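# A structural walkthrough
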Amino acid sequence: MKTFKTILVTTALLAVVCVSAFAQTAGKKPTVVIVPFEANGGMDQEDCEVVSELFVSEYVITGAATVVNRDTLSKIQTEQKFQASDWSNSNKTAKLGEALNAQQLVSGQLRLYNGLIFVTVQVQDIKTLAVLAAVSTRVENTMKLIDGIPGICKDIASQTNSSVNGIIGSKSYWKLGDKGPGGGTIFYISSADRMVWEYSPEVLKSSDECKAYKGGGLSDWVSPSGNITKYLDVYRSYPILTGGKYIDNGDRAVRSFSY
């Protein structure tokens, strides 16, 4: 899993670079500071860091706000001798916001309780710390939380900016286990490039059969390879991701689509 987490973090960092251009969409929008999420109740810190990185990239994708660069934030915090405990001080956050020309503060908490992950994300006015928007949810595990980040970001963004652009398509809430357009099962979702992968319901005997497969009337099915094989194996290896369903190890055709 550590390698899988590393891949996710790298993907998130690349996403911030690739989608930053979308943040220049027309219309007035606020500048926001996104604080790294807090891990509480025994929540794994590394998992929390992964979620924080992916949240930043997904929030940029919504086009609802301009996100302050992490390096810029760190520089201004150092100049003002701003401490982590100062986020609850309205006077100090007001000064920080003025220096960054930022109007909003986004923060989140992940708390592990009774086997579930409770997620709270809120947007505050950076001068007064008044809560402008909030989302609370709970999920069974980190993987499902990662799948739900695009939906959380879109929900938060729509509460704070009515002119959220249409970069996210009409079907933006794909999750593991969903039935895909080709009639297969969703086993991997890439938040960075808005790509979803599904595997065929039928077991196939060879790569040629995979290429010839026409599930859902689609002709873009292929035999899994490289990292996609790893992602499929990860999905098969964790019953909590599959809803406890048995997944055989037979060959499957796979296909990807964007959203």
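Residues numbered from 1 in each chain as written. Predicted model: local features only at pLDDT ≥ 70, side-chain atom pairs only at ≥ 80, totals over all residues. Heavy atoms only, no water.

The next thing to look at is the overall build of the protein chain. The number of helices and strands found in the protein chain is 8 helices and 9 strands. A buried classification covers 46% of the 259 residues belonging to the protein chain. Contacts in the protein chain between residues at least 24 apart in sequence constitute 62% of all its contacts with a sequence separation of at least 6. Entry remark: accessible area of the protein chain is about 13,000 Å², with carbon and sulfur atoms responsible for 51%. (Helix = DSSP H or I, 4+ residues; strand = E, 2+ residues; numbered from the N terminus. Buried < 20%, exposed > 50% of the residue type's maximum accessible area, 1.4 Å probe, protein only. Contact = heavy atoms within 4.5 Å. Areas by Shrake-Rupley, 256 points an atom, 1.4 Å probe, with all protein chains shown as cover.)

Orientation of helix 2 (residues 45–62) relative to helix 5 (residues 142–160), taken along the N-to-C sense of each, is 40°, at an axis distance of 9 Å. Between helix 2 and helix 5, the interaxial angle falls into the category oblique. Between helix 2 and helix 5 the crossing geometry is right-handed. Every residue of helix 5 that contacts helix 2 at Asp 47, Val 50, Val 51, Leu 54, Phe 55, Glu 58, Tyr 59 and Thr 62 is listed here: Thr 142, Leu 145, Ile 146, Ile 149, Pro 150, Ile 152, Cys 153, Lys 154, Ile 156, Ala 157 and Thr 160. Of the residues belonging to the contact of helix 2 with helix 5, the class tally is 13 nonpolar, 3 polar and 3 charged. (Axes fitted to C-alpha atoms, helices over the stretch in contact; angles between N-to-C directions. Parallel < 35°, antiparallel > 145°, perpendicular 65-115°, else oblique. Left-handed = near helix turned anticlockwise from the far one by under 90°. Nonpolar A, V, L, I, M, F, W, Y, C, P; charged D, E, K, R; others polar.)

The next subject is the packing of helix 3 (residues 70–79) against helix 4 (residues 90–100). Closest axis-to-axis distance for the helix 3/helix 4 pair is 10 Å, and the angle between their directions is 125°. The angle between helix 3 and helix 4 places the two elements in the oblique class. The hand of the helix 3/helix 4 crossing is right-handed. Here Thr 72, Leu 73, Ile 76 and Gln 77 of helix 3 lie close against helix 4, whose contacting residues are Leu 96, Ala 99 and Leu 100. Among the residues forming the contact of helix 3 with helix 4, the class breakdown is 5 nonpolar, 2 polar and no charged.

Here we come to the sheet that holds strand 8 (residues 195–199). In space, the 3 strands of this open sheet follow the order 7-8-9, with antiparallel pairing throughout. Where the open sheet ends on each side, the last strands, each with one partner, are strand 7 (185–190) and strand 9 (254–258). Ignoring which end each strand starts from, the neighbouring axes of this sheet average 25° apart. Across 5 bridges, the pairing between strand 8 and strand 9 is antiparallel. (Pairing = 2+ DSSP bridges.)

Here we take up the nonpolar core. Of all hydrophobic cores here, the largest spans 29 residues; its most connected members are Phe 55, Tyr 59, Val 106, Leu 110, Val 121 and Leu 145. Beyond its immediate sequence surroundings of up to four residues, Leu 110 is in contact with Phe 37, Glu 38, Ala 39, Asn 40, Met 43, Cys 48, Val 51, Ile 117, Phe 118, Val 119 and Leu 145. In this structure, Leu 176, Val 196, Trp 197 and Tyr 199 belong to the second largest nonpolar core, which totals 15 residues. (Core = buried A, V, L, I, M, F, W, Y, C linked by side-chain atoms within 4.5 Å.)

Here we come to the pattern of salt bridges. Counted under the stated rule, the structure contains 4 salt bridges. Salt bridges here are not isolated pairs; linked through shared partners, they connect Glu 198, Asp 220 and Arg 255. (Salt bridge = Lys/Arg side-chain N within 4 Å of Asp/Glu carboxyl O.)

Time to look at the environment of Tyr 113. Structurally, Tyr 113 is set in strand 4 (residues 104–113). For Tyr 113, a relative accessible area of 56% gives the class exposed.

Counted under the stated rule, the structure contains 6 aromatic pairs. Taken together, a centroid distance of 4.8 Å and an interplanar angle of 65° make the contact between Phe 82 and Trp 87 edge-to-face. As far as burial versus exposure is concerned, Phe 82 and Trp 87 are alike and both buried. Grouped by ring-pair contacts, the aromatic residues Phe 37, Phe 55 and Tyr 59 constitute a single cluster. Taking NZ or CZ as reference, Arg 255 lies 5.9 Å from the ring centre of Trp 221, over its face. (Phe/Tyr/Trp six-rings, centres within 6.5 Å; stacked < 30°, edge-to-face > 60°. Lys NZ or Arg CZ within 6 Å of the ring centre and 35° of its normal.)

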